[in-house]
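Listed here are the chains, written in short residue letters.
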Amino acid sequence: MAIMHPLRPRMGRRMTLCIATSIWIVGFAFSFPNLIFFTTFVQEFPNGDNRVVCYAEWPDGSTNESYHEYM
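Reading the values: the criteria
- Residues numbered from 1 in each chain as written.
- Predicted model: local features only at pLDDT ≥ 70, side-chain atom pairs only at ≥ 80, totals over all residues.
- Heavy atoms only, no water.
- UniProt positions renumbered as here; feature names shortened; annotations may be inferred.
- Pairing = 2+ DSSP bridges.
- Helix = DSSP H or I, 4+ residues; strand = E, 2+ residues; numbered from the N terminus.
- Expected span 1.5 Å × (residues − 1).
- Bend = angle between axes of the 7 residues up to and from the residue.
- Buried < 20%, exposed > 50% of the residue type's maximum accessible area, 1.4 Å probe, protein only.
- Phe/Tyr/Trp six-rings, centres within 6.5 Å; stacked < 30°, edge-to-face > 60°.

- The chain has the name G-protein coupled receptors family 1 profile domain-containing protein in an unreviewed UniProt entry, where Rhynocoris fuscipes is given as its organism.
- Listed in UniProt under the heading Sequence similarities (unreviewed entry), the comment for the chain reads: "Belongs to the G-protein coupled receptor 1 family."
- The UniProt entry for the chain carries the following text under Subcellular location (unreviewed entry): "Cell membrane".

This is the structure in structure tokens:
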């Protein structure tokens, strides 16, 4: 705002907090499916190494055929 409109009055504290809160709420809403549908599993290798793999378990099918993942 200061760069685009340097002479306009600044936003108030309340408006700034509302915008910041709105950004956090939208970000949480977009990331919420990751919290629900993503899971991890430990893959063990013959040489004794372990690797943790994070992947999606969508309710409508596997990862490559899921409409939910496409959306």
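1. Looking at the pairing of strand E2 (residues 50-56)
Then comes step 1: Of the pairings in the sheet, the one linking strand E1 (residues 38-44) to E2 comprises 7 bridges and is antiparallel in character. For Thr39, the partnering residue across the bridge sits in E2 and is Tyr55.
Then comes step 2: With antiparallel pairing between neighbouring strands as the criterion, E1 and E2 make up a hairpin whose turn holds 5 residues, including Gly48 at a positive phi of roughly 95°.

2. Quick look at helix H1 (residues 13-37)
Then comes step 1: With 25 residues, H1 ought to run about 36 Å at 1.5 Å a step, and its terminal C-alpha atoms sit 37 Å apart, in line with that.
Then comes step 2: The sharpest bend along H1 measures roughly 40° and falls at Ser31, with the proline Pro33 sitting one to four residues further on.

3. Focus on the environment of Tyr70
Then comes step 1: In this fold, Tyr70 is placed in helix H2 (residues 67-70).
Then comes step 2: Of the residues examined, Tyr70 reaches a relative accessible area of 66% and is grouped as exposed.

4. Some points on the packing of aromatic side chains
Then comes step 1: For the structure shown, the criterion picks out 4 aromatic pairs.
Then comes step 2: With a centroid separation of 5.5 Å and an interplanar angle of 50°, the aromatic rings of Phe28 and Phe32 are classed as tilted. Remark: Phe32 and Phe28 occur in helix H1; sequence separation between them is 4 residues, near one turn of the helix.
Then comes step 3: Residue classification places Phe32 among the partly exposed positions, given a relative accessible area of 36%.
Then comes step 4: Ring centres of Phe37 and Trp58 lie 5.3 Å apart, and the angle between their planes is 40°; on these two criteria the pair is classed as tilted. Of the two residues, Phe37 sits in helix H1 while Trp58 sits in the loop between E2 and H2, which places them 21 residues apart along the sequence.
Then comes step 5: Classification of Trp58 as buried rests on a relative accessible area of 14%.
Then comes step 6: Clustering of aromatic rings is evident, with ring pairs tying together Phe37, Phe38 and Trp58.

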